4 protein chains.
Amino acid sequence: MQHARPLPAYLVNRYHGWKATIYTENRSWYRRLAEDGQHPRSMVISCCDSRVHVTAIFGADQGEFFIHRNIANLVPPFNPDGHHHGTSAAVEYAITGLKVAHLIVLGHSGCGGVEGCYNMCSGRAPELEESSSFVGRWMDILRPGYAALPEGDDATRKTALEKASVVISLENLMTFPFVKSAVESERLSIHGLWNDIGEGGLEAYDPQKESFYPI
Amino acid sequence: MQHARPLPAYLVNRYHGWKATIYTENRSWYRRLAEDGQHPRSMVISCCDSRVHVTAIFGADQGEFFIHRNIANLVPPFNPDGHHHGTSAAVEYAITGLKVAHLIVLGHSGCGGVEGCYNMCSGRAPELEESSSFVGRWMDILRPGYAALPEGDDATRKTALEKASVVISLENLMTFPFVKSAVESERLSIHGLWNDIGEGGLEAYDPQKESFYPI
Amino acid sequence: MQHARPLPAYLVNRYHGWKATIYTENRSWYRRLAEDGQHPRSMVISCCDSRVHVTAIFGADQGEFFIHRNIANLVPPFNPDGHHHGTSAAVEYAITGLKVAHLIVLGHSGCGGVEGCYNMCSGRAPELEESSSFVGRWMDILRPGYAALPEGDDATRKTALEKASVVISLENLMTFPFVKSAVESERLSIHGLWNDIGEGGLEAYDPQKESFYPI
Amino acid sequence: MQHARPLPAYLVNRYHGWKATIYTENRSWYRRLAEDGQHPRSMVISCCDSRVHVTAIFGADQGEFFIHRNIANLVPPFNPDGHHHGTSAAVEYAITGLKVAHLIVLGHSGCGGVEGCYNMCSGRAPELEESSSFVGRWMDILRPGYAALPEGDDATRKTALEKASVVISLENLMTFPFVKSAVESERLSIHGLWNDIGEGGLEAYDPQKESFYPI
């Protein structure tokens, strides 16, 4: 693997700073985490977007959240076809291995992946329709959400599609037998959230009203 | 989606605390991020493990790192077969869309996914060999790493396999045409790291020596 | 311009060393910065003093801070008289052009400019009172700070005047309509800091207590 | 000054990291700098641009460079009219107070200030012509450079104007009696440089050929 390069010096310096302060102050906890293993209470599925910061929002420290991050916080439907399924593997590991008590799907405003899906489905991004587009094929998971969008202006519909990405992921999660059985035996609760980046807002999905409300 | 439940109150409380303090103190930055979009310098691919905290280690705040997290920080080989590929989509988005300058693969000690792979390959976890095991099929990506392990005790070999998960991901990244071309035109540099959770250690991959060294 | 001389060889040598190492390791980032432009999160106004090193203190790399440095980190009051105003131009560019989210004024211990002002105002540096003294006329900005100093020994009063240079600059910043409006619409936050060079200390201005506290 | 806000937490953390590592390792030097004062060998005048990092390029540490940074690294002509002149004050302090041996003017590629001047002078930025524009009035210093540009495409002419900003600043420096006399008595040498951000290039002004050459 001859292409790997040294880490930029500013990150090396910052790491040394972290080691000398935050690590040192919390060494007993890090050692216990290493020796005793992780026991996270919750799994979070969020977007890769650099503006999403789930531990900060919830004041979480190392050990609390098992976090899977992918484009647009999507969960594909259950499909045990023997191929590599990174998201499904993460969910399986969290539910059957770690036995987390909560599974939170966290969407957000201004999601580039959702916008790509919106443009693709409305005919404005033909390059995403090509079979070689990984982003396009990944966002296919959200196509049913586009089909169900109400009329409206683009901005309103994109926000609605961001929230649909949360709901569709929750629905797809329930197609996994081990998720369904954990939910039905009340050993797992699932939650849908949407974060407004600019305003610091957080909305939760209300299954009765089939809509999101500010918490 | 009738199964969604309200967020646990302790998380609601912490969110309100964050909103009243950290968000409020940084509102101007969050608004700029929302209005101006993200311009992350680096992508990080790390494990979902709750003990890994890449922003803390590097003193990073929102906006700096585009983060993909999956089991064992694995990147599958390039395979544009039209199916859902969450990791490949995230890499494609970061390189061709965001044009990040660095791509860091971050492994860690005590990785449960790597341990599962080790047990599977050594015949101690037959359930992971089943075609219906998402974790098993995901960890297939790391099989070449197991095959190349030197002799030794289990603990040493597991650590070696954790580091192999970093190197194999870097190798697989180079099978993506857009990664290869960005690396070769010197618009992207790739980096391999391994974090010792308990000791707060950080080791970097040295391509000349084909081994990791403490930074 | 016949007076320009070749760069001293030791600087040429160091530059070549930087080019072969740090530049090469970060080439992808420098190219992205060149092609994509700068998106700094913050502007810093600090002193020209060779002992002040704002990027080091904050582990910052190229692209993070838009930095204006002048004698004693001063901002003059808003005065659009059509003349050259370097500090006002830098602030205008950062706020209205780059739309930075933070503006940090960083003072420091042992500031020679502040000491000159102190001596001038206390009658010990008549040469600075001359209209031809650029340093004296620049330090006039800080005269209101001297007038408001509490009684005490010279050393204590000089330190107080260094901190006053930060507070007066923050006050003068608010006389610029574009700063005031950005602060009031919560798209800009302003911060006052004072760095103790010898002890590596950092104090922040607390507007409630109207004093500085160690962070 | 009720508008000041606490420093963002990520900067506080990074500062503590710096204090625990780089500061601690260099405490003796910082204490000496505090007790003995600064004795910088050189003054550097560079742009505020976040991509310019003069200490990095020259491997410089605290204490080496007295650094003034403004938009487009400009020095206005000598004009002792009794008003605030931040750049002139910095030059006066460095030459007559610190008696630096070198004065380096460092320009750079992709300079937004220079581009603004170019657009203003070519009629494409009328807003910069208004008397209330601080950036426009500051960039007036560079108007003679625009007038002297050779024919060519915009990109070539902008780069030429960036280099002209260095030469004009050197010429203006020589209008200051204390600079002229220091240069003529060979107690000060002045240097013009231009940094290519993306390629890490550095070019120096050759007064014989009246052009820049790579060093």
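The structure presented is a predicted model; accordingly, all values stated were derived computationally and were not measured. (Residues numbered from 1 in each chain as written. Chains lettered and ligands numbered in written order. Predicted model: local features only at pLDDT ≥ 70, side-chain atom pairs only at ≥ 80, totals over all residues. Heavy atoms only, no water.)

Enquirer: For this particular structure, what's the right way to read the overall build of chain A?
Expert: Each helix and strand counted, chain A has 9 helices and 6 strands in total. Taking the principal axes of its C-alpha atoms as reference, chain A extends roughly 55 × 45 × 40 Å. Taken across its 215 residues, chain A has 60% of its residues classed as buried. Only carbon and sulfur atoms are counted for the fraction: they give 49% of the accessible area of chain A, which is about 8100 Å². (Helix = DSSP H or I, 4+ residues; strand = E, 2+ residues; numbered from the N terminus. Buried < 20%, exposed > 50% of the residue type's maximum accessible area, 1.4 Å probe, protein only. Areas by Shrake-Rupley, 256 points an atom, 1.4 Å probe, with all protein chains shown as cover.)

Enquirer: Please explain the pattern of salt bridges as it appears in this structure.
Expert: For side chains bearing opposite charge, pairing can occur when the charged atoms are close. All names here are of chain C. Following the criterion strictly, the structure yields 52 salt bridges over all chains and no others. Residue Asp154 is joined to Arg124 by a salt bridge in which the shortest nitrogen-to-oxygen separation is 2.9 Å. Of this pair, Asp154 sits in helix H8 (residues 154-173) while Arg124 sits in the loop between helix H5 (112-121) and helix H6 (134-139), placing them 30 residues apart in sequence. When its relative accessible area of 32% is taken as the criterion, Asp154 is described as partly exposed. (Salt bridge = Lys/Arg side-chain N within 4 Å of Asp/Glu carboxyl O.)

Enquirer: Help me out: how do you make sense of the UniProt feature "binding site: Zn(2+)" (unreviewed entry) in chain A in this one?
Expert: The positions UniProt marks with the feature "binding site: Zn(2+)" (unreviewed entry) are Cys47, Asp49, His108 and Cys111 of chain A. A maximum C-alpha distance of 8.9 Å places the annotated residues, which cover 65 residues in sequence, within one compact spot. Assignment of secondary structure puts Asp49 of chain A in the loop between strand E1 (42-47) and helix H3 (54-57). The exposure class assigned to Asp49 of chain A is buried, which follows from its relative accessible area of 2%. Sequence-distant contacts of Asp49 of chain A, that is, excluding residues within four places in its chain, are made with Arg69, His108 and Gly110 of chain A together with Gln38 and Phe66 of chain B. Setting aside residues no more than four positions away along its own chain, Cys111 of chain A makes contact with Cys47, Ala72 and Glu162 of chain A. (UniProt positions renumbered as here; feature names shortened; annotations may be inferred. Contact = heavy atoms within 4.5 Å.)

Enquirer: Is there a simple way to think about the relation of the copies chain D and chain C in this case?
Expert: Between the two copies of this chain, the relationship is a rotation about some axis together with a displacement along it. Of the two same-sequence chains, chain D is brought onto chain C (RMSD 0.1 Å, axial shift 0.0 Å) by a rotation of 180°. Taken together, the turn and the small shift mark the pair as related by a two-fold rotation axis. Considering only C-alpha atoms, the part of chain D nearest the rotation axis is Arg69 of chain D, at 2.5 Å. A shared binding surface is used by both copies, with 99% of the interface residues of chain D retained as interface residues in chain C. (Least-squares fit on C-alpha atoms with pLDDT ≥ 70 in both.)

Enquirer: I'm lost on the interface of chain D and chain C in this one. Help?
Expert: Interface extent is often summarised as the accessible area lost during association of the parts. Contacts between the two partners involve 96 residues from chain D, matched on the other side by 95 residues from chain C. Taken together, the two surfaces of chain D and chain C that pack against each other cover about 8500 Å², and 64% of this comes from carbon and sulfur. Together, Met1, His84 and Phe134 of chain D form the three largest contributors to the area buried by chain D at its contact with chain C, with a combined 11%. Our count for the contact surface shared by chain D and chain C stands at 4 salt bridges. Note that Arg31 of chain C is salt-bridged to Glu199 of chain D, the shortest N-O span being 3.1 Å. Scanning the region where chain D abuts chain C turns up 44 residue pairs in polar contact (both at pLDDT 80 or more). Here the side of chain D that touches chain C takes 9 residues from helix H1 (residues 9-25) of chain D, the largest share from any one element. (Buried area = accessible area lost by both parts, 1.4 Å probe. Polar contact = N/O pair within 3.5 Å; in protein donor to acceptor, adjacent residues only side chain to side chain.)

Enquirer: What is the right way to look at the layout of surface pockets in this model?
Expert: Over the atoms, a rolled probe matching the size of one water molecule traces out where space is still vacant. Considered as a void within the structure, the second largest pocket measures approximately 440 Å³ in volume. Along the wall of the second largest pocket there are 23 residues; nearest its centre are Tyr93 of chain C together with Gly112, Gly113, Glu115 and Gly116 of chain D. At the level of secondary structure, the elements contributing two or more residues to the lining of the second largest pocket comprise helix H4 (86-98) of chain C together with helix H5 (112-121) and helix H8 (154-173) of chain D. Among the elements that line the lining of the second largest pocket, the one with the most residues is H4 of chain C, at 5 residues. Of the residues that constitute the lining of the second largest pocket, the class distribution is 7 nonpolar, 9 polar and 7 charged. (1 Å grid on protein atoms, 1.4 Å probe; cavity = no way out; pocket = protein on both sides within 12 Å on 5 of 7 lines; lining within 4 Å. Points joined across faces, edges and corners; volume = space filled by probe spheres on them. Nonpolar A, V, L, I, M, F, W, Y, C, P; charged D, E, K, R; others polar.)

Enquirer: When you look at the domain arrangement of chain A in this model, what are you seeing that I'm missing?
Expert: Residues and elements named next belong to chain A. Taken domain by domain, chain A holds domain 1 (1-37) and domain 2 (38-214). Here the C-alpha centre of domain 2 lies 29 Å away from the C-alpha centre of domain 1. Summed over both partners, the interface of domain 1 with domain 2 comes to about 440 Å²; 43% of that surface belongs to carbon and sulfur atoms. At the junction of domain 1 with domain 2, the criterion picks out 3 residue pairs in polar contact (both at pLDDT 80 or more). (Domains from an automatic or database assignment.)

Enquirer: Whenever I open this one, empty space enclosed by the protein confuses me. Can you help?
Expert: One pass over the structure, following the stated rule, counts 13 cavities of 30 Å³ or more. Roughly 480 Å³ of internal volume is contained in the largest cavity. Along the walls of the largest cavity sit 31 residues, with His39 and Gly63 of chain B together with His39, Gly63 and Glu64 of chain C positioned nearest its centre. Elements represented by at least two residues in the lining of the largest cavity include exactly helix H1 (9-25) of chain A, helix H2 (27-36) of chain B together with helix H2 (27-36) of chain C. Considering only residue class, the lining of the largest cavity consists of 10 nonpolar, 10 polar and 11 charged. Considering only enclosed or pocket space, the second largest cavity measures out at about 190 Å³ in volume. In terms of lining residues, the second largest cavity is bounded by 21 residues, among which Thr55 and Arg69 of chain A together with His53, Thr55 and Arg69 of chain B are the most central. Across the lining of the second largest cavity, the residue classes tally to 8 nonpolar, 8 polar and 5 charged.

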